[in-house]
Amino acid sequence: MSSEFANTSIDEILTYEERGEARRVPWRHPREDRELDFVFREKDENGDYQFVKRTTKEIFKDKRLAIFGLPGAFTPTCSDFQLPEYEALYDQFIKKGVEEVYCVSVNDAFVMNAWFEKLGIEKVKALPDGNGTFTWCMNLMVSKHNLGFGNRSWRYAAIVDDGIFEVLLQESNKCANSEVDPYVNSKPEQLLARLGNN
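This structure is a prediction, so every number in the text was calculated from the model and none was measured.

A. Fine view of the overall build of the protein chain. The helix and strand tally for the protein chain stands at seven helices and 10 strands. Burial statistics for the protein chain: of 198 residues in total, 47% are counted as buried. Long-range pairs, those at least 24 residues apart, make up 63% of the contacts in the protein chain with a sequence separation of at least 6. Summing over all exposed atoms, the protein chain offers an accessible surface of approximately 9,900 Å²; the carbon and sulfur share of this is 45%.

Printed below as a string of structure tokens:
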């Protein structure tokens, strides 16, 4: 595989105005001749659950979104802090001009739905990256084989405007099989601070 994020291992990508270049959400699948998509489980008009695919372009194009990535559903820091904290501050993001807040995890839609239901999440939306392709394309996939997790997302948070990253904040010391799981840079307060005083 290859992507524009290959060989990027920095703690923070500055605004694209500051860098003078664009960092874009991946539109295309890196190995297949098709658009990259997420697979959801949603109720249809009859109340039956169906698999629903939406491309990254459908989700991100012409919208200003906040997204945050975390290692996994039902894990302690993700469940006790990160997801609930973004839910609690959701309205603050909306007030600052963000249209939606999404949580990305390398988990399937069944797991993400069950986790959101258990935590009573009603505002933040789930982006189930079951195959990990989106996370890999962003160069944020790390091995967590030491914990029996396989490959998972490093913890991060971002503001994405029409598919372009304004800000990408990730936790420091990204590495395979890390013995620590920092949650500092990707807190919702840090991302809100980058949105200014709107």
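On we go from here.
B. Seen up close, the pairing of strand E10 (residues 164-170). The buried count for E10 comes to seven of seven residues, which makes it a mostly enclosed element. For strand E9 (residues 156-161) and E10, the ladder comprises six bridges, and the chain directions are antiparallel. Note that in E10 the partner of aspartate 161 across the bridge is isoleucine 164. Here E9 folds back onto E10 in antiparallel fashion, the turn holding two residues, of which aspartate 162 has a positive phi close to 55 degrees.

C. Representation of the packing of aromatic side chains within the structure. All told, the structure shown has seven aromatic pairs when counted by the stated rule. Each ring, one from phenylalanine 60 and one from phenylalanine 134, has its centre 6.0 Å from the other, and the planes form 5 degrees; the classification is stacked. Note that phenylalanine 60 is positioned in helix H2 (residues 56-60) and phenylalanine 134 in helix H6 (residues 133-137), a separation of 74 residues in sequence. Its relative accessible area of 0% is what places phenylalanine 60 among the buried residues. When its relative accessible area of 1% is taken as the criterion, phenylalanine 134 is described as buried. Where phenylalanine 74 meets tryptophan 115, the ring centres are 6.5 Å apart and the plane angle is 45 degrees; that geometry is what we call tilted. Remark: tryptophan 115 occurs in helix H5 (residues 109-119) and phenylalanine 74 occurs in the loop between strand E4 (64-70) and helix H3 (76-88); sequence separation between them is 41 residues. Residue phenylalanine 74 is classed as partly exposed on the basis of its relative accessible area of 42%. Here a set of aromatic residues connected by ring pairs shows up, and it is made of Phe38, Phe60 and Phe134. In this structure, arginine 41 packs its charged tip against the face of phenylalanine 51, placed 4.4 Å from the ring centre. Residue placement shows arginine 152 over the ring face of phenylalanine 149; its charged tip is 4.9 Å from the ring centre.

Here is what the cut-offs are and how they apply
- Residues numbered from 1 in each chain as written.
- Predicted model: local features only at pLDDT ≥ 70, side-chain atom pairs only at ≥ 80, totals over all residues.
- Heavy atoms only, no water.
- Helix = DSSP H or I, 4+ residues; strand = E, 2+ residues; numbered from the N terminus.
- Buried < 20%, exposed > 50% of the residue type's maximum accessible area, 1.4 Å probe, protein only.
- Contact = heavy atoms within 4.5 Å.
- Areas by Shrake-Rupley, 256 points an atom, 1.4 Å probe, with all protein chains shown as cover.
- Pairing = 2+ DSSP bridges.
- Phe/Tyr/Trp six-rings, centres within 6.5 Å; stacked < 30°, edge-to-face > 60°.
- Lys NZ or Arg CZ within 6 Å of the ring centre and 35° of its normal.

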